[in-house]
Amino acid sequence: TFGDWLRQKIKENNLSNAEVARRVGCSPTHIGNLVRDHSPNTKSGKGKPSERLAEKIAQVFGADINEARRAAGYADKDEETEAYEILPGVTVRL
């Protein structure tokens with residue numbers, strides 16, 4: 001899950017939820033909810049970052065953006081062409 005991925009990155013980089021939140025421009029509570037895969041604003045209660053937030057969080061850690069996107073359940077993104085791999089070998093260009 002994205003929470004597992006985020007928890008690992010926070011631990012590897014010895015950062016607090018508050019510091020990650022400051023660097024990406026959201027609240028520490030939001031980061032905490034993502035770490036726990038929780039969202040009080042959804043019917044399922046499952047937390048998932050927006051695509052943009054997942055990418056910003058990856059940048060904080062110097063991690064591969066597509067690694068974060070996959071952890072969050074999004075398709076890979078080709079930065080140069082705004083293309084998304086929706087299935088292995090199936091790419092949609094915008």
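Being a predicted model, the structure only gives us computed values, none of them experimental.

Novice: Please explain the overall build of the protein chain as it appears in this structure.
Specialist: Secondary structure summary: the protein chain contains five helices and three strands in total. Secondary structure elements of the protein chain occur, N-terminal to C-terminal, as α-α-α-α-α-β-β-β. By residue count, 39% of the 94 residues in the protein chain fall in the buried class. Of the roughly 5,800 Å² of accessible surface on the protein chain, 49% is carried by carbon and sulfur atoms.

Novice: Would you mind showing me how to read the packing of helix 1 (residues 2–12) against helix 3 (residues 28–35) here?
Specialist: Each pair of packed helices can be summarised by the angle the axes make with each other and by the distance between the axes. Helix 3 packs onto helix 1 with a crossing angle of 115° between their chain directions and a minimal axis gap of 7 Å. Together, Phe2, Gly3, Leu6, Arg7 and Ile10 of helix 1 and Ile31, Leu34 and Val35 of helix 3 make up the contact between the two elements. Across the contact of helix 1 with helix 3, the residue classes break down as six nonpolar, one polar and one charged.

Novice: I'm lost on the nonpolar core in this one. Help?
Specialist: One broad trend across soluble globular proteins is that nonpolar side chains are buried collectively. Grouped together as the largest cluster of nonpolar side chains are 22 residues, with contacts concentrated most on Phe2, Trp5, Leu6, Ile31, Ile57 and Phe61. Only helix 1, helix 2 (17–24), helix 3, helix 4 (51–61) and helix 5 (65–71) provide two or more residues apiece to this core. Leave out the neighbours within four places in its chain, and Ile57 touches Phe2, Trp5, Leu6, Val24, Ile31 and Leu34.

Novice: Explanation requested: helix 1 in the structure shown.
Specialist: Think of an α-helix as turning once every 3.6 residues; residues three or four places apart then point the same way. Buried residues of helix 1: Phe2, Gly3, Trp5, Leu6, Lys9 and Ile10, and no others. Across the axial projection of helix 1, the buried residues extend over an arc of 160°, all falling on one side. Looking at the buried side of helix 1, the elements it contacts are helix 2, helix 3, helix 4 and helix 5. Just downstream of helix 1, Asn14 is the residue with a positive phi angle, here 50°.

Rules and cut-offs
- Residues numbered from 1 in each chain as written.
- Predicted model: local features only at pLDDT ≥ 70, side-chain atom pairs only at ≥ 80, totals over all residues.
- Heavy atoms only, no water.
- Helix = DSSP H or I, 4+ residues; strand = E, 2+ residues; numbered from the N terminus.
- Buried < 20%, exposed > 50% of the residue type's maximum accessible area, 1.4 Å probe, protein only.
- Areas by Shrake-Rupley, 256 points an atom, 1.4 Å probe, with all protein chains shown as cover.
- Axes fitted to C-alpha atoms, helices over the stretch in contact; angles between N-to-C directions.
- Contact = heavy atoms within 4.5 Å.
- Nonpolar A, V, L, I, M, F, W, Y, C, P; charged D, E, K, R; others polar.
- Core = buried A, V, L, I, M, F, W, Y, C linked by side-chain atoms within 4.5 Å.
- Arc of directions from axis to C-beta.

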